[in-house]
Amino acid sequence: MTAMRKQTEYKSHNSLHCFTQHPDPSFKALVVFAVCFPSYKMALLLLLVLLTVCSAYPQDLSGKMFTFPQETNTAQVRLTTSRQDLRAVTVCLRSFTELRRDHSLFSLATPSAANDFLIFKTIADDGIQIWARNNHRTFGGQNYKFNAWLSICSTWDAASGLVQVWIDGKPSSRMFVSSGSNINGPIIIVLGQEQDSHGGAFDIKQSFVGMMSDVHMWDYVLSPHEIQNYAHRFVGFTPGNVLNWRELAFQTTGRVLIEDEQWSIT
């Protein structure tokens with residue numbers, strides 16, 4: 001009973017965030033009823049309905065972050081996109097963690113490739129692995145900091161097969177990984193876990209614990225100038241056209257919180 005009550009609390013938290021963003025007054029009334037009268041079975045049913053609506057409705061997460069507060073093989077954020085054929089990819093995100101073990105930062109899988117595009121931090125070689133089409137390269141010496149906000153961007157192009165990673169606006173070398181074929185859906189994108197199969201087979205020792213924000217994805221290779229704009233939070237930054245943090249369609253599972261961003265003042 002206690003576990004069920006806690007699960008309802010987390011669902012209510014995310015529902016209230018959706019409530020503040022949704023423009024439909026009738027939807028807001030539904031949220032108020034479901035949250036204010038949690039003892040009624042009908043209210044719980046309505047709560048499940050509004051969670052489904054929230055997951056499909058793009059939300060502006062400006063000034064927000066996802067918090068993954070504990071190690072688990074269930075907690076995740078699944079991101080939704082209508083783009084199902086990608087000949088190139090750029091992914092940018094900001095993360096904060098103190099994990100001293102391997103962990104996934106961004107996992108995109110299709111039925112034909114569990115690691116169709118993956119950003120993965122490895123501890124043994126102190127590197128960042130970038131996977132494309134189930135092949136990868138490891139980039140070392142990237143000054144990956146713990147207990148600090150990092151801007152991480154990665155690019156891949158199917159024509160050239162080249163991948164690259166940028167940490168806080170500083171580029172790695174460009175390396176060949178895979179060329180000649182696009183990423184074709186159905187695409188599943190997950191934050192917080194690493195997909196070893198399409199949409200599942202999560203390993204608790206590869207899960208992410210920490211905070212994540214400003215997730216964007218493009219279907220082309222972003223220019224160095226644009227990546228610098230993202231890394232330094234310049235006004236001229238162009239939002240992603242595949243995933244856009246300001247219009248993000250997503251669904252949370254397990255213990256994932258949506259909170260106000262926390263940034264260090266230096």
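These numbers were taken from a predicted model, which means no experiment stands behind them. (Residues numbered from 1 in each chain as written. Predicted model: local features only at pLDDT ≥ 70, side-chain atom pairs only at ≥ 80, totals over all residues. Heavy atoms only, no water.)

Student: Would you take a moment to explain the nonpolar core for this structure?
Tutor: One recurring pattern in soluble globular proteins is that nonpolar side chains are buried together. Residues Phe66, Phe106, Phe117 and Met217 are the most contacted members of the largest nonpolar core, which totals 43 residues. If sequence neighbours within four positions are ignored, Met217 has contacts with Leu86, Val89, Thr90, Val91, Phe106, Leu108, Ile189, Gly240, Asn241, Val242 and Leu243. Grouped together as the second largest cluster of nonpolar side chains are eight residues, Cys92, Trp166, Leu222 and Ile227 included. (Core = buried A, V, L, I, M, F, W, Y, C linked by side-chain atoms within 4.5 Å. Buried < 20%, exposed > 50% of the residue type's maximum accessible area, 1.4 Å probe, protein only. Contact = heavy atoms within 4.5 Å.)

Student: How should the pairing of strand 7 (residues 127–132) be read in this particular structure?
Tutor: Side-chain direction in a regular strand flips from residue to residue, so the side chains alternate between the two faces of the sheet. In terms of residue burial, strand 7 counts as a mostly covered element, since six of its six residues are buried. Because side chains alternate across strand 7, one face comprises the buried residues Gly127, Gln129 and Trp131, and the other comprises Ile128, Ile130 and Ala132, equally buried. Relative to strand 7, strand 6 (residues 113–122) runs antiparallel, the two being bridged by six bridges. By the bridge assignment for strand 7, Leu118 is matched with Trp131. Hairpin connection of strand 6 to strand 7: four residues between the antiparallel strands, including Asp126 at a positive phi of 50°. Two successive antiparallel strands, strand 7 and strand 8 (residues 135–140), enclose a turn made up of two residues, where Arg133 displays a positive phi of approximately 55°. (Helix = DSSP H or I, 4+ residues; strand = E, 2+ residues; numbered from the N terminus. Pairing = 2+ DSSP bridges.)

Student: In this structure, what is going on with helix 4 (residues 224–231)? I would like to understand it.
Tutor: Owing to its 3.6 residues per turn, the α-helix brings residues three or four apart onto one side. Buried within helix 4 are the following residues: Glu226, Ile227, Asn229, Tyr230 and Ala231. Check the buried side of helix 4 and you find it contacts strand 4 (88–96), strand 9 (150–157), strand 10 (162–167) and strand 15 (210–218).

Student: Explain the packing of aromatic side chains to me, please; I cannot follow it from the model alone.
Tutor: Aromatic rings in a pair are described by how distant their centres are and how their planes are angled relative to each other. Enumeration over the complete set of coordinates arrives at eight aromatic pairs. Note on Phe66 and Trp245: the rings are 5.3 Å apart at their centroids and 80° apart in plane angle, and the pair reads as edge-to-face. Taken as a pair, Phe66 in strand 1 (residues 64–68) and Trp245 in the loop between helix 4 and strand 16 (250–253) lie far apart in primary sequence, 179 residues in all. The burial state of Phe66 is the same as that of Trp245; both residues are buried. Between Phe66 and Phe250, the ring centres sit 5.3 Å apart and the planes meet at 70°, which makes this aromatic pair edge-to-face. (Phe/Tyr/Trp six-rings, centres within 6.5 Å; stacked < 30°, edge-to-face > 60°.)

Interpretation note: all reported values are geometric properties and have no functional meaning in isolation.
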